[in-house]
Amino acid sequence: MTDPKWKKSLISGYQSFRAGAYTKQKDLYEELGTQGQSPDVLVIACVDSRVSPSTIFGAHPGEIFVLRNVANIVPPYDPRAGYHGTSAAIEFAVSNMKVSAIMVMGHESCGGVNAFLSSLDEEPAKDGEHSFLGSWIQILDAAHKRFMASNTPQADQQKLMEYAGVRQSMLNLMSFPFVEKAVLAGDLSLQGAYFSIIEGRLLFANEDGVFAEVPSE
Ligand SMILES: [Zn+2]
């Protein structure tokens, strides 16, 4: 039986990695593997296949700690029992690895944001119809309420919601006591970012949450 296409493609990619990037950085891999990692920044990005932080930032192994979930959402601090994968990764990055910065990077044409906007017109789920995706993207509701209250023009609602989602995640980060403490102590900074897929451009949010393009050269 022949391997399916996805498997052939992954194996071929792995072989290119072994012959190229791995061979060039063999010593670095060995050092990181034996001595451990100490990345300086946590990047929170979407699971979307087009927005790999390592690719966009040309990061070498060990350089950035990456957390990816649907729509690059940081949930509000919630110490109740539950499977808080995103919150656990943030805690690990801040409290154990003591990163200097957390960047939340949203992106153009986000399927998670689109699903949230579509859900506004849908009937609420019936009893017994649980959707993990549905409950997760509802975290964006706070961003949507702030966005609707801001009187921003309604054109390009998807993009404006993508920006608003990043701003909300930044606010939610500050609801984690260990994040707030590190920020107030000057040990941690927070940065909002946005990747425009079609043009391959990166934008950073300023202190007022306004996004502006980062020089590309
Ligand atoms: Zn996305």
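Novice: Let's hear about the overall build of the protein chain: which residues, and what values?
Specialist: When you go through the protein chain residue by residue, the secondary structure sums to nine helices and six strands. C-alpha atoms of the protein chain, sized along the principal axes, occupy 55 × 55 × 45 Å.

Novice: Go over the pairing of strand β1 (residues 41–46) with me, naming the residues and quoting the values.
Specialist: Across the six residues of β1, five count as buried, placing the element largely inside the fold. Sheet topology places β1 next to strand β2 (residues 64–69); six bridges connect them, and they run parallel. Of the residues in β2, the one forming a bridge with Leu-42 is Phe-65. Both β1 and strand β3 (residues 101–107) contribute to a ladder of four bridges, which runs parallel. Across the sheet, residue Val-43 finds its bridge partner in β3, namely Met-103.

Novice: An account of the environment of Ala-21 is needed here, citing residue identities and associated values.
Specialist: Looking at the element boundaries, Ala-21 is found in helix α1 (residues 5–24). Ala-21 sits 40 residues away from Pro-61 along the chain, and the two C-alpha atoms are 10.0 Å apart.

Novice: Quick rundown of the sheet that holds strand β4 (residues 189–196)? Include the residues and the values.
Specialist: Strand pairs in the sheet, formed through backbone hydrogen bonds, run parallel or antiparallel to each other. With respect to topology, six strands assemble into an open sheet ordered β2-β1-β3-β4-β5-β6, the strand pairing being mixed. A strand with exactly one partner marks an edge of an open sheet, and here the two such strands are β2 and β6 (211–213). Taken over all neighbouring pairs, the strand axes of this sheet differ in orientation by 25° on average, direction set aside. The sheet strands contacting helix α8 (residues 157–173) are β1, β3, β4, β5 (201–205) and β6, and the helix crosses β3 at an angle near 155°.

Novice: I'd like a rundown of the packing of helix α5 (residues 111–119) against α8, residues and numbers included.
Specialist: Packing of α5 against α8 leaves a shortest axis separation of 10 Å and a crossing angle of 110°. Looking at the two axes, α5 sits roughly perpendicular to α8. The two elements α5 and α8 meet at a crossing, and its hand is right-handed. Contact residues: α5 offers Val-113, Asn-114 and Leu-117, while α8 offers Gln-157, Gln-158, Met-161, Glu-162 and Gly-165. For the contact of α5 with α8, the per-class residue count stands at three nonpolar, four polar and one charged.

Novice: So what's going on with the environment of Arg-68? Which residues, and what values?
Specialist: Inspection of the secondary structure puts Arg-68 in strand β2. Judged by local crowding, Arg-68 falls into the partly exposed class, with 17 C-beta atoms found within 10 Å. Remark: the alpha-carbon pair of Arg-68 and Ile-44, spanning 24 residues in sequence, is separated by 5.7 Å. Filtering out sequence-adjacent residues up to four positions away, Arg-68 remains in contact with Ala-45, Cys-46 and Val-47.

Novice: Got a sec to walk through the domain arrangement of the protein chain? Specific residues and values, please.
Specialist: The domain architecture assigned to the protein chain consists of domain 1 (1–36) and domain 2 (37–213). At the junction of the two partners, domain 1 supplies five residues and domain 2 supplies five residues. Each residue belonging to the side of domain 1 that touches domain 2 can be placed in one class, and the counts come to three nonpolar, two polar and no charged.

Novice: Describe unusual backbone geometry, with residues and values.
Specialist: A positive phi angle, close to 40°, is found at Asn-72, a residue other than glycine. Given 30 C-beta atoms within 10 Å, Asn-72 falls into the buried group.

Novice: Quick rundown of the pairing of β5? Include the residues and the values.
Specialist: Inspection of the sheet shows β4 paired to β5 by four bridges, in the antiparallel sense. Pairing of Ala-193 across the sheet is with Phe-204, part of β5. Connecting the antiparallel pair β4 and β5 is a turn made up of four residues, with Gly-200 showing a positive phi of about 65°. What sits between the antiparallel neighbours β5 and β6 is a turn of five residues, in which Gly-209 has the positive phi angle 80°.

Novice: Which residues make up the environment of Gly-165, and what are the values?
Specialist: Within the secondary structure layout, Gly-165 lies in helix α8. Taking the C-alpha atoms as reference points, Gly-165 and Gly-192, separated by 27 residues in sequence, lie 10.0 Å from one another.

Procedures and definitions
For every chain, the first residue of the written sequence is number 1, and numbering continues from 1 onward in sequence order. Reporting in this predicted model follows two pLDDT cut-offs: at least 70 for local features of residues, and 80 or more for side-chain atom pairs to be given and counted; totals over whole chains, interfaces and linings ignore these cut-offs and use all residues. Numbered from the N terminus, helices here are DSSP runs of H or I no shorter than four residues, and strands are runs of E no shorter than two. Counting other C-beta atoms within 10 Å of its own, a residue is labelled buried from 20 upward, exposed at 12 or fewer, and partly exposed in the gap between, with every C-beta atom placed from the backbone. A strand pair is defined by DSSP finding two or more bridges across the two strands. For helices, the fitted line uses only the C-alpha atoms of the stretch in contact; every axis is such a line through C-alpha atoms, and the angle between N-to-C directions lies from 0 to 180 degrees. Our contact criterion uses C-beta atoms placed from the backbone: two residues qualify when those atoms are within 7 Å. We call two directions roughly parallel when the angle between them is under 35 degrees, roughly antiparallel when it is over 145, roughly perpendicular when it lies between 65 and 115, and oblique otherwise. Definitions for this section: a left-handed crossing has its near helix turned counterclockwise from the far helix by less than a right angle. A right-handed crossing has that turn clockwise. Three classes are used: nonpolar for Ala, Val, Leu, Ile, Met, Phe, Trp, Tyr, Cys and Pro, charged for Asp, Glu, Lys and Arg, and polar for all others, with Gly counted as polar. What counts as a domain boundary in this text is fixed by an automatic or database domain assignment.

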